[in-house]
Amino acid sequence: MHSTIQTYFTNLNNEDKQVQYEAFMQLLAATEVEVDWAYEVWDELVAGLTSSDNHTRSRYAQLLAGLAISDPEKRILTDFSKLWQMTKDPKTVTARHSLQAIWKVGLAGEEQKALVMNHFMERFTMCEGEKNYTLVRFDIIQAMRNLYEHVQDEMIKEKALELINQEDDVKYQRKYAKVWK
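Calculation notes
Residue indices begin from 1 for each chain and proceed along its sequence in written order. Where totals are concerned, whole chains, interfaces and linings use all residues; where local detail is concerned, this predicted model gives features only for residues with pLDDT of at least 70, and gives and counts side-chain atom pairs only at 80 or more. Note that water and hydrogens are dropped before the side-chain values are worked out from all heavy atoms of the structure. A run of H or I in DSSP counts as a helix once it spans at least four residues, and a run of E counts as a strand once it spans at least two, with each numbered from the N terminus. Each radius of gyration is computed over the set of C-alpha atoms, and the globule rule expresses the reference value as 2.2 Å times the number of residues to the power 0.38. Each residue is placed in one exposure class: buried if its accessible area under a 1.4 Å probe, protein chains only, is under 20% of its type's maximum, exposed if it is over 50%, and partly exposed if it falls in between. Contacts are residue-level and defined by heavy atoms, with any inter-residue pair within 4.5 Å sufficient. Per-residue and other accessible areas were derived by the Shrake-Rupley procedure at a 1.4 Å probe size, with only the shown protein chains allowed to occlude residues. Only four residue types enter the tally: Lys and Arg on the positive side, Asp and Glu on the negative side; His and the chain ends are excluded. Where a charge lies is defined by one atom per residue type: Lys uses NZ, Arg uses CZ, Asp uses CG and Glu uses CD. Between N or O atoms, a polar contact is any pair within 3.5 Å; within protein, one atom must be a potential hydrogen donor and the other a potential acceptor, and residues adjacent in sequence are included only when both atoms are from side chains. By this rule the span expected of a helix is its residue count minus one, scaled by 1.5 Å. Directions drawn from the helix axis to the C-beta atoms are what define this arc. As used here, the term nonpolar core means buried Ala, Val, Leu, Ile, Met, Phe, Trp, Tyr and Cys residues forming a set that is joined through side-chain atoms within 4.5 Å. Planes of paired rings set the category: under 30 degrees apart is stacked, over 60 is edge-to-face and the rest tilted, where pairs are Phe, Tyr or Trp rings (Trp by its six-membered ring) whose centres lie within 6.5 Å. To sit over a ring, a charge needs its Lys NZ or Arg CZ within 6 Å of the ring centre and within 35 degrees of the ring normal.

This paragraph deals with the overall build of the chain. Helix and strand counts for the chain stand at 10 helices and zero strands. Reading the secondary structure of the chain in the N-to-C direction produces α-α-α-α-α-α-α-α-α-α. A compact globule built from 181 residues should have a C-alpha radius of gyration of about 16 Å, and the chain, at 16 Å, falls within 12% of that. Across its three principal directions, the C-alpha atoms of the chain cover 50 × 30 × 30 Å. Evaluated residue by residue, the chain yields a buried proportion of 46% over its 181 residues. Across the chain, contacts joining residues at least 24 apart in sequence account for 59% of those joining residues at least 6 apart. On the chain, roughly 9,400 Å² of surface is accessible, and the fraction owed to carbon and sulfur atoms is 48%. One finds the centroid of the 22 positive side-chain charges in the chain at a distance of 8 Å from the centroid of its 28 negative side-chain charges.

Here it is as structure tokens:
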């Protein structure tokens with residue numbers, strides 16, 4: 001691992017919140033492309049999903065989702081349930097950040113894309129009793145749009161539109177539909 005990347009990971013635990021934020025943003029940018037250091041931090045990221053610090057949980061979930069494209073061993077298939085659990089974190093902001101990033105797992109391959117899509121479909125239809133379920137639904141529709149923009153798979157669009165049409169509340173149906181216009 002390049003020393004700069006290692007420094008960013010070290011700075012995630014810096015006392016200065018601005019230093020933490022800058023390091024996190026640099027690491028997020030680094031995970032936009034395939035990297036050769038994913039497995040050097042993989043176990044640490046998975047372990048961090050259970051941290052008592054919600055900022056750590058959120059950051060590690062987002063980084064792990066981004067590193068899925070750098071996972072030729074397909075470890076994400078084993079660790080996905082832990083990552084998905086983050087989308088139900090007690091802290092709403094942590095849950096939303098995780099849900100908004102998890103679509104990146106679908107960029108890693110067909111198997112990963114199917115896993116993400118199945119979870120999106122199930123969660124959308126089953127989340128009605130959850131706190132902030134309309135935000136959860138919006139984030140799912142937006143995440144599906146993000147995935148679609150990257151892989152251009154018409155099935156994703158079809159499934160998203162099916163979910164939008166399932167929404168009973170016209171106000172929210174319109175809101176979700178705007179994501180696809």
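What follows picks up the thread again.
Structurally, T87 can be placed in the loop between α5 (75-85) and α6 (92-101). Given the relative accessible area of 3%, T87 is considered buried. For the pair formed by T87 and K131, sequence separation is 44 residues and the distance between their alpha carbons is 12 Å. A polar contact is formed between the side chain of T87 and the backbone oxygen of W84, at a distance of 2.6 Å.

Relative to the 18 Å expected for 13 residues at 1.5 Å per residue, helix α9 (residues 154-166) spans 19 Å between its end C-alpha atoms, a close match to the ideal helical length. I156, A160, L163 and I164 are the residues of α9 that are buried. Along α9, the residues classed as buried sweep out an arc of 100 degrees about the axis, all on the same side. On its buried side, α9 packs onto α7 (110-126), α8 (133-151) and α10 (170-178).

Now for unusual backbone geometry. The phi dihedral of K74 is positive, around 60 degrees, even though this residue is not glycine. Its place among the elements puts K74 in the loop between α4 (54-67) and α5. Phi is positive for Q152, which is not a glycine, with a value near 55 degrees. Turning to its location among the elements, Q152 is positioned in the loop between α8 and α9.

One finds F9, W37, V105, F120, I141, M144 and W180 to be the most contacted residues of the largest nonpolar core, which totals 54 residues. When residues of this core are assigned to their parent elements, the largest contribution, seven residues, is made by α8.

This paragraph deals with the packing of aromatic side chains. In total, this model carries seven aromatic pairs according to the counting rule given. Members of the aromatic cluster, each reached through a chain of ring pairs, are F80, W84 and F120. Taking the ring centre of Y39 as reference, the NZ or CZ of R75 above it sits at 3.9 Å.

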